[in-house]
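Structural overview
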Amino acid sequence: MSGYIQEDIAPEELAQRSELASSIAGSVRELIEATVRTEVGASDIAEARRLIEAATEILRKDQLPGAYGIRFNSDGSKRSWGNAVLGRRNPIAPPVVLHHEPDHTWTEVELGPAYEGPAGLVHGGVLALILDQLLGSTAEFQGVPGMTGTLNVRYRRATPLGQIRGEARVDRVEGVKTFVRGTITSAGEVSAEAEGIFILPKWARGEVSDVLRKSVGEG
Ligand SMILES: CCCCCCCCCCCC(=O)SCCNC(=O)CCNC(=O)[C@H](O)C(C)(C)COP(=O)(O)OP(=O)(O)OC[C@H]1O[C@@H](n2cnc3c(N)ncnc32)[C@H](O)[C@@H]1OP(=O)(O)O
């Protein structure tokens, strides 16, 4: 399967790249939020655009041929820095940082104005996005990975912008299908709940799935 890349990067070098990735994505995330909230006039917008275009040109000096993909390192670690939810190099990602406990996975993340749907509330699609990744990564961490086959989300109450907590656990495994349940909690109350069926695709059954099961890390 293309997009899965094996690398051999020394730990110090990896740590440095990781720091660089987080720093540039953090700056652009700030820029996104500032763009959503700005009230400045035409001349400030024109000046800001000039600077943003200059920054884009600098980043374009050296680019990957396509998407970041999923990268496995020789030390057994794994990176999905372009991932839309977790990607530390992706300013669109909140980013979500997952904490894996023996029987469940959780995250706490701040969702600001860039994630708005209804006024002052988190967009339902953003919650589904986060739940998809949270539930999928939970299955993966438990050694029963798969692609999302089905994701059902029940929005029980509105989720205000701000801090949310996500939690998920594997409910059961039936052959190549892993059933995972999860919740989004906001201000101490469950605002959304989900059940996902994650299916190990045909191409990943056998040897490939051993590699996927053994790799650890982000994404
Ligand atoms: C790999 C590591 C990744 C690791 C990735 C970890 C990160 C996850 C987080 C990110 C999640 C995503 O965004 S994933 C991206 C969004 N999802 C996708 O793009 C998936 C697109 N769909 C597919 O690729 C495929 O349709 C699959 C993989 C879902 C299933 O195809 P398949 O591999 O041919 O499966 P197949 O043998 O036919 O069926 C196996 C069993 O699953 C059932 N089944 C088939 N499709 C579905 C379905 N949509 N919902 C429910 N159940 C289904 C069948 O009835 C059968 O049940 P039985 O007869 O055995 O009872």
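All residue numbers here refer to positions counted from 1 along the written sequence of the relevant chain. Owing to the predicted nature of the model, reporting of local features is limited to residues with pLDDT of at least 70; listing and counting of side-chain atom pairs is limited to 80 or more, with chain, interface and lining totals taken over all residues. Water and hydrogen atoms were dropped before computing side-chain values, which therefore reflect all heavy atoms in the structure.

**Focus: the packing of aromatic side chains**
- Working definition: a ring pair exists when centres of Phe, Tyr or Trp rings (six-membered ring for Trp) sit within 6.5 Å. Plane angles under 30 degrees give stacked, over 60 give edge-to-face, the rest tilted. Evaluation of the coordinates by the stated rule reveals three aromatic pairs.
- On the basis of an interplanar angle of 20° and a centroid distance of 6.2 Å, the ring pair of tyrosine 4 and phenylalanine 72 is categorised as stacked. Here tyrosine 4, found in strand 1 (residues 4-7), pairs with phenylalanine 72, found in strand 2 (residues 70-73); they are 68 residues apart in sequence, far enough to count as distant.
- Assessed through its relative accessible area of 33%, tyrosine 4 is described here as partly exposed. Only DSSP runs of H or I with at least four residues qualify as helices, and only runs of E with at least two residues qualify as strands; both kinds are numbered from the N terminus onward. Per-residue accessibility, obtained with a 1.4 Å probe over protein chains only, is compared with the maximum for each type, and a residue is labelled buried under 20%, exposed over 50%, and partly exposed between these values.

**Notes on the environment of glutamate 140**
- Mapped onto the elements, glutamate 140 comes out in helix 3 (residues 124-141).
- Assessed through its relative accessible area of 18%, glutamate 140 is described here as buried.
- In this structure the C-alpha to C-alpha distance between glutamate 140 and proline 65, which are 75 residues apart in sequence, comes to 28 Å.

**Observations concerning helix 1 (residues 11-37)**
- Helices are assigned an expected span. That span is 1.5 Å times one less than the residue count. Here helix 1 contains 27 residues, and its C-alpha end-to-end distance of 39 Å stays within 8% of the 39 Å for a straight helix at 1.5 Å per residue.
- Considered for burial, the residues of helix 1 that qualify are Leu14, Ser18, Ala21, Ala25 and Arg29.
- Structurally, helix 1 contributes buried residues whose contacts are with strand 2 and strand 3 (77-79). The criterion used for residue contact is that any of the two residues' heavy atoms lie within 4.5 Å.

**Side note on the UniProt feature "domain: Thioesterase" (unreviewed entry) in the protein**
- UniProt positions are given in the numbering used here, feature names are shortened, and annotations may be inferred rather than shown by experiment. The UniProt entry lists residues 120-189 under the feature "domain: Thioesterase" (unreviewed entry), expressed in the numbering used here.
- End C-alpha atoms of residues 120-189 are separated by 17 Å, and the span's content is 26% helix alongside 47% strand.

**A word on unusual backbone geometry**
- At the junction of proline 94 and proline 95, the peptide bond is cis and its omega measures out at -10° in the coordinates.
- Structurally, proline 95 is set in the loop between strand 3 and strand 4 (99-100).
- The phi angle at alanine 187 is positive, at roughly 50°, despite the residue not being glycine.
- Looking at where alanine 187 falls in the secondary structure, it is placed in the loop between strand 8 (177-186) and strand 9 (189-199).

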